[in-house]
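Residues per chain, in single letters:
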Amino acid sequence: MKKLLISALIAGLPGVAMADAKGDEIAKLKAQLEALQAQMQQLQQAVNAATAAKAPEADDGNAELKQRVAGMEMKVDKLTTDASEGPIAGLSITGYMDPTYVASRLGRSAGFQFVNHSNQYAYTNSTFGDVYLDIKKTFGVGPMAPSAEVSILPNRGSGNNLLTSGGNSSAGNNIINTAIINFPVSDTTQLVAGLMNSFGGYEVQQSNQMNTITHGLLYDFSDPGSYVGAGFNWSHGSWATKFMIANEQFHTNPNSANDANQHTHSNSTPTVTGRVDYTMTSNLDIGGSMNIGRQSLYAHTDANGNGDGTYGYQGTSNSAYGAYYFGELDMTLTGTDSVYNAEIDYGRQKQAAWNGGDAVWYGFSLLAHQKWNSEWFGRMGGTLRYDYLNDSKNGGGGGGIALGQSNGVDGTNGFGISQACFNSSSVNGTDCSGATRQALTAALLFYPTDQLTLKMEIRHDWANRDVFLRSDGNYRKSNDIFAAQAVYSF
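Residues numbered from 1 in each chain as written. Predicted model: local features only at pLDDT ≥ 70, side-chain atom pairs only at ≥ 80, totals over all residues. Heavy atoms only, no water.

Caption draft 1: Highlighting the overall build of the chain. Regarding its fold elements, the chain presents six helices and 26 strands. Evaluated residue by residue, the chain yields a buried proportion of 44% over its 490 residues. Counting contacts in the chain only where the partners sit at least 6 residues apart, residues at least 24 apart contribute 62% of the total. Looking at the chain as shown, the accessible area adds up to about 23200 Å², and 57% of this sits on carbon and sulfur atoms. (Helix = DSSP H or I, 4+ residues; strand = E, 2+ residues; numbered from the N terminus. Buried < 20%, exposed > 50% of the residue type's maximum accessible area, 1.4 Å probe, protein only. Contact = heavy atoms within 4.5 Å. Areas by Shrake-Rupley, 256 points an atom, 1.4 Å probe, with all protein chains shown as cover.)

Caption draft 2: Here's a closer look at the environment of K66. Secondary-structure assignment places K66 in helix α3 (residues 59-85). Put simply, K66 and Q44 are 22 residues apart on the chain and 7.7 Å apart in space, counted from C-alpha to C-alpha.

Caption draft 3: Representation of the pattern of salt bridges in the model. One pass over the structure, following the stated rule, counts eleven salt bridges. Note that R275 and D277 form a salt bridge whose closest N and O atoms lie 2.7 Å from each other. When its relative accessible area of 14% is taken as the criterion, D277 is described as buried. D330 is the partner of R275 in a salt bridge, and the nearest nitrogen-oxygen pair spans 2.8 Å. Linking R275 in strand β12 (residues 271-281) with D330 in strand β16 (residues 321-334), this pair joins segments that are 55 residues apart in sequence. (Salt bridge = Lys/Arg side-chain N within 4 Å of Asp/Glu carboxyl O.)

Caption draft 4: The packing of aromatic side chains, seen in detail. All told, the structure shown has eleven aromatic pairs when counted by the stated rule. Seen from their ring centres, F364 and Y386 are 5.8 Å apart, and the 50 degrees between their planes marks the pair as tilted. You can see F364 sitting in strand β18 (residues 359-374) and its partner Y386 sitting in strand β19 (residues 378-390), a full 22 residues away along the chain. Among the aromatic residues, those joined into a cluster by ring pairs are Y298, Y313 and W354. Over the aromatic face of Y447 sits the side chain of K371, whose NZ or CZ is 4.8 Å from the ring centroid. The ring centre of F415 lies 5.3 Å from the NZ or CZ of R437, which sits over that ring. (Phe/Tyr/Trp six-rings, centres within 6.5 Å; stacked < 30°, edge-to-face > 60°. Lys NZ or Arg CZ within 6 Å of the ring centre and 35° of its normal.)

Caption draft 5: Up close: the pairing of β12. Bridge analysis of strand β9 (residues 239-246) against β12 gives eight bridges, and the strand direction is antiparallel. Note that in β12 the partner of A246 across the bridge is T271. Pairing of β12 with strand β13 (residues 284-296) involves nine bridges; the strand directions are antiparallel. Residue T279 lies in a different strand from β13, and its bridge partner there is D285. (Pairing = 2+ DSSP bridges.)

Caption draft 6: Quick peek at the state of the cysteines. Applying the stated criterion across every chain yields a total of one disulfide. Here C421 is linked by a disulfide to C432, with a sulfur-sulfur distance of 2.0 Å. Here C421 and C432 share a disulfide; its torsion about the S-S bond, -95 degrees, makes the bridge left-handed. With C421 in helix α6 (residues 419-424) and C432 in the loop between α6 and β22 (436-446), the pair connects residues that are eleven residues apart, well separated along the chain. Judged by its relative accessible area of 4%, C432 is buried. (Disulfide = S-S within 2.5 Å.)

Caption draft 7: Representation of empty space enclosed by the protein in the model. The tally for this structure, following the rule as stated, stands at one cavity of 30 Å³ or more. Space inside the largest cavity adds up to approximately 30 Å³. Around the largest cavity, the lining residues are Y202, E203, G216, L218, Y219, D223, E343, S365 and D387. Class assignment for the residues of the lining of the largest cavity results in three nonpolar, two polar and four charged. (1 Å grid on protein atoms, 1.4 Å probe; cavity = no way out; pocket = protein on both sides within 12 Å on 5 of 7 lines; lining within 4 Å. Points joined across faces, edges and corners; volume = space filled by probe spheres on them. Nonpolar A, V, L, I, M, F, W, Y, C, P; charged D, E, K, R; others polar.)

Caption draft 8: Geometry of unusual backbone geometry. Not every positive phi belongs to a glycine, and R108 is a case in point at roughly 50 degrees. Mapped onto the fold, R108 is located in the loop between β2 (100-104) and β3 (109-113). Its relative accessible area of 75% is what places R108 among the exposed residues. For N428, which is not glycine, the phi torsion reads 60 degrees and is therefore positive. Relative to the helices and strands, N428 is located in the loop between α6 and β22.

Caption draft 9: Examining the side chain of D358 more closely. Inspection of the secondary structure assignment puts D358 in the loop between β17 (338-349) and β18. There is a polar contact of 3.2 Å between the side chain of D358 and the side chain of K350. Excluding residues that lie within four positions of it along the chain, D358 makes contacts with R348, Q349, K350, Q351, A352, A353, K393 and N394. (Polar contact = N/O pair within 3.5 Å; in protein donor to acceptor, adjacent residues only side chain to side chain.)

Caption draft 10: Quick peek at a nonpolar patch on the surface. On the surface, a nonpolar cluster with roughly 630 Å² of combined accessible area is contributed by F183, V185, L191, F232, W234, W239 and V276. For W239, the position within the fold is in strand β9. Judged by its relative accessible area of 45%, W239 is partly exposed. (Patch = residues over 30% accessible without salt bridge, like charges linked within 9 Å, V, L, I, M, F, W, Y side chains within 5 Å.)

Caption draft 11: Geometry of the pairing of β19. As judged from the 13 bridges shared by β18 and β19, these two strands associate in the antiparallel manner. Across the sheet, W372 pairs through a bridge with M380, a residue of β19. Counting the residues in the hairpin turn of β18 and β19 gives three residues. For β19 and β22, the ladder comprises eleven bridges, and the chain directions are antiparallel. In the sheet register, L384 faces β22, and the bridge partner there is A442.

Caption draft 12: Local environment of the nonpolar core. The biggest cluster of nonpolar side chains holds 38 residues, and the ones touching the most others in it are F221 and L389. Of all the secondary-structure elements, those providing two or more residues to this core are β7 (189-197), α5 (217-221), β9, β16 and β18. The residues contacting L389, other than those within four sequence positions of it, are L217, L218, F221, S222, W361, Y362, G363, I401, F415, T436 and R437. (Core = buried A, V, L, I, M, F, W, Y, C linked by side-chain atoms within 4.5 Å.)

Remember, this is a structural readout, not a statement about activity or role.
Written as structure tokens, this is what we have:
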């Protein structure tokens, strides 16, 4: 009977030992392996006891049993080695899908957006409605293990709607969103290099980490976007610092702008960017970031649409680039079921405004989020956000605000000069002020499972100028949207 019981245990081992060792199951696999090794020791002891107790005629059966146990030990050892040293060791793949429904009053448009290829960045069409994959490989264990991490956001990521390769090339058709190498040199310092999001603001890019559907005005139009460069991260106690030297934002190489005569103007001035965070208490973080460098100006064209060798909306600059300065402060207060965020921004870019002067923008954002348990709907959450962004100086422009070169307005996002002022101006609207923008967003969230989040959002955007383009071709001072989203994380 004992021999039959031992044989039955051995027969069941392969199915257990070959458990899926991919991704986040590796930790469970290691625990199983330890249990298996303990069982193998018990089996070996049972075999030795059976050998001593059995008559000589049973030696052949015990020898066969020993071989089977030894074979299983080899399989367990190999699986243990593969889990800790093989190609899947330290590999994790996470992500989410977030199909989104958006209805806009001005555009009289409504419908789902999901994995549709679009490189037009707008507050109604930014980083949501896509598939997000984060692939990370850690080489070793512990704080000194280097890693490589790539995130893919094919239709809404930096590679599709922001990044360019310089010169006259346009954005799009690049599925890479971020790609970062992390190499620790001590317990507190890591060297980093690659393509990464900027350090500015309290908002994040990923839909499964947001308490709204749309981003705020500061994230979309004030904070820097993404950089290619190298730097370091440092943390000690309550302090954490990030620093990087990079290309100008949104460019994957040292950008060069060509004029009509094919003269190359290289942006040889790197961008310097950094961030400092101070964790005042276990739930309060205060931080700030800065950016200094040069940013591309629009290449001016003549009446026939040809480049004339000048830059800026009015062709007032002989340089293809304007000095760029940006700084912000932000705060995050986290409770058991609540989150409070605040941010204040200031930015300036030389000769980047509509009238040829300096573009200056400043603003602030406030967000409050609260979760609670509902008898009917289970776990729920509510979010309220207010954004203010002033881009009035010299007609507006600069930073993440791009105006139409023919009329000085972005009718989709509501920036630039009033079209009534532009039409009555005798100097191409250079005597007009830019718009000051505000937005109020309310969102309701449901959490049916740990992986699934359902969101509904209403948002009212308004400006002090008629800068929102309606579907009939007229301009208005405001727009309303309704959005719904399902975010499934894995």
